[in-house]
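What follows is the residue order along each chain.
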Amino acid sequence: MRTKNKNHVSVALIIIFSVAFLITSVLFKVYGITGILAQLTGTLLGTIITAIVTLLLLGVQTDKELEHEKDSGIFEKKQEIYHNFLKELEVITEDGKITVDNNKDELQRLIYQLGLLQMHADKEVAEKITAYVGEIIGIITKKSNPEIKSKKYANLSEKVFAIVELLRNDLYGNSTGVINPDYFYITLAQSGLFEGEIRNTETMKRLHEKWWNLFIDELKLKRNKLDYIFYCGDECEETDNTKEVVDYFENQNNIMFSLIISNKNSNRICFYLNYDYQTTPVYGFEVESKDKTDNDKYLYALPDSFSRNGFGNPGIGAKNIDSKYDIDFYGKNKNYFDFAKANENQKKEIVAAFVDEINNNIEEFLKNLENK
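Keep in mind the model is a prediction, meaning the values are calculated, not measured.

Novice: Hey, could you go over a nonpolar patch on the surface for me, with residue numbers and the actual values?
Specialist: Where nonpolar side chains cluster on the molecular surface, the patch consists of Val100, Leu107 and Ile111 and spans about 270 Å² of accessible area. Tracing the backbone shows Leu107 in helix H3 (residues 106-118).

Novice: Residue-level account of the packing of H3 against helix H4 (residues 123-141), with values.
Specialist: Look at H3 against H4: their axes get within 10 Å of each other, and the N-to-C directions meet at 155°. Put simply, H3 runs roughly antiparallel to H4. Relative to H4, H3 is oriented so that their crossing is right-handed. Seen from H3, the contacting residues are Leu110, Leu114, Leu117 and Gln118; seen from H4, they are Ala126, Ile129, Thr130, Val133 and Ile137. Classifying every residue of the contact of H3 with H4 by side-chain character gives seven nonpolar, two polar and no charged.

Novice: Tell me about the pairing of strand E7 (residues 317-320), residues and numbers included.
Specialist: Within a regular beta strand, the side chains point alternately toward one face of the sheet and then the other, so they alternate between its two faces. Bridge count between strand E5 (residues 282-288) and E7: four bridges; the pairing is antiparallel. Bridge pairing in E7 places Gly284 opposite Ala318. Note that strand E6 (residues 307-308) and E7 share two bridges and pair antiparallel. From the neighbouring strand, Arg308 faces E7, where its bridge partner is Gly317.

Novice: So what's going on with the nonpolar core? Which residues, and what values?
Specialist: Membership of the largest hydrophobic core comes to 49 residues, with the highest contact counts inside it found for Trp211, Trp212, Phe215, Phe257, Leu273, Phe354 and Phe365. Phe365 has contacts with Ile261, Ile269, Phe285, Tyr298, Ala301, Leu302, Pro303 and Ile316, leaving out every residue within four places of it along the chain. Counting residues in hydrophobic clusters, the runner-up holds 19 residues, among them Leu114, Val133, Leu166 and Leu171.

Novice: Could you give me a rundown of the pattern of salt bridges, with the residues and numbers involved?
Specialist: Applying the stated criterion across every chain, the model contains 14 salt bridges. Two residues, Lys222 and Asp356, come together in a salt bridge whose shortest N-O distance is 2.7 Å. Here Asp356 lies in helix H11 (residues 344-371) and Lys222 lies in helix H7 (residues 201-223), a separation of 134 residues in the sequence. Since its relative accessible area comes to 40%, Lys222 is described here as partly exposed. Arg223 is paired through a salt bridge with Glu363; the nearest N and O atoms lie 2.7 Å apart. Within this pair, whereas Arg223 is found in helix H7, its partner Glu363 is found in helix H11, the two being separated by 140 residues in sequence. One continuous salt-bridge network, built from bridges that share partners, spans Glu135, Glu158 and Lys159.

Conventions and cut-offs
Residue numbering note: each chain is counted from 1, following its sequence as written. For a predicted model such as this one, the threshold for reporting local features is a pLDDT of at least 70, and the threshold for listing and counting side-chain atom pairs is 80 or more; totals across whole chains, interfaces and linings nevertheless cover every residue. Note that the side-chain values use all heavy atoms of the structure and ignore hydrogens as well as water. Two distance rules govern patches: like charges are joined within 9 Å, and nonpolar side chains (Val, Leu, Ile, Met, Phe, Trp, Tyr) within 5 Å, applied only to residues with over 30% relative accessible area and no salt bridge. Using the Shrake-Rupley algorithm and a 1.4 Å probe, accessible areas are obtained, with residue cover drawn only from the displayed protein chains. Salt-bridge detection follows one rule: a side-chain nitrogen of Lys or Arg within 4 Å of a carboxyl oxygen of Asp or Glu. Segments assigned H or I by DSSP are reported as helices when at least four residues long, segments assigned E as strands when at least two residues long, and all are numbered from the N terminus. Angles run from 0 to 180 degrees between N-to-C directions of axes, and those axes are lines fitted to C-alpha atoms, restricted for helices to the stretch in contact. Any angle that falls under 35 degrees is termed roughly parallel, while one over 145 is termed roughly antiparallel, one within 65 to 115 roughly perpendicular, and all others oblique. Take the far helix as your reference; a near helix turned counterclockwise from it by less than a right angle gives a left-handed crossing, and one turned clockwise gives a right-handed crossing. By the convention used here, residues are in contact when the closest approach between their heavy atoms is within 4.5 Å. Note that Gly is not counted as nonpolar here; it falls among the polar residues with everything else outside the nonpolar set of Ala, Val, Leu, Ile, Met, Phe, Trp, Tyr, Cys and Pro and the charged set of Asp, Glu, Lys and Arg. For two strands to pair, DSSP has to find at least two bridges joining them. Grouping buried Ala, Val, Leu, Ile, Met, Phe, Trp, Tyr and Cys residues that are joined through side-chain atoms within 4.5 Å yields what is termed a nonpolar core. Only protein chains enter the accessibility calculation, which uses a 1.4 Å probe. A residue is then buried if its area is under 20% of the maximum for its type, exposed if over 50%, and partly exposed in between.

So yeah, pure geometry; function would need other evidence.
In structure tokens, the structure reads:
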């Protein structure tokens, strides 16, 4: 009770002193009536404006928090549905068939899963995934040739990985592209699970052509404009088309690449690179010359690591390609697997290292020739 009375007294004293302060200020002309009213009005307006702005800011903040909670909930639900979709797709297809009967209707189950997916995925994403699911069903239910069973798994990986990429991009928005199906095929080949199967010719031809194109591009960076030709035997003769060369290699097991590096005194000096399936690949130098009296100067201009063959085919000197650069495009050595599984930048680096070695030997040979 005393505390309550004390509070009342305090409030009364504050009011009395406040009124006394205002009266005294007016009497002694510290403030005029007009000044007090203006200040009170200004203070009141400022308080009202501050209150309105504060309410608006609190409202915006509340809306943002609610929106964030909503987005967070949707994101988590999308993750759950997308993960469950992949699990359900695996369960439905793992027996290699789609059962449709009164006791078990996997197709109906799959339709509902696609319906759940469309609740969160855009129309375009949902349509692409539905198409991939159709292709997956075709792959797993098709009676495949047992001799090329690995092709089934390579094709299946392509479709599944494509679906995963669509879902991942929809969730996180940072697409990096789909894994090339060749990568998975090469992984299977390297694993040794399907050693007795027919090799994937198309994959190997693509990789072989890719290697030659990178090789020529890297040489251009080192030696500017190139004057080169491919020799592939009687059927191919001469060409500069890498696709034609690889096609002929599939039939003849041999490619020879020849690059003109100097034309002096009616002598055409060439660098050549010879791939032969039956023997270790080599590269070296050859000279087309009418006068063979200066035979020795070409022989002694060769870098130390080259054997001296004398004039004539295959040239004046050559060396075996270092094992680390020897890629067997029939898919039987580690270098081939490393090249096949490398990304684009890594493929360039692999070829560029080989081109560096070749260019250094060319430069050394030409320099030695000038000093003879």
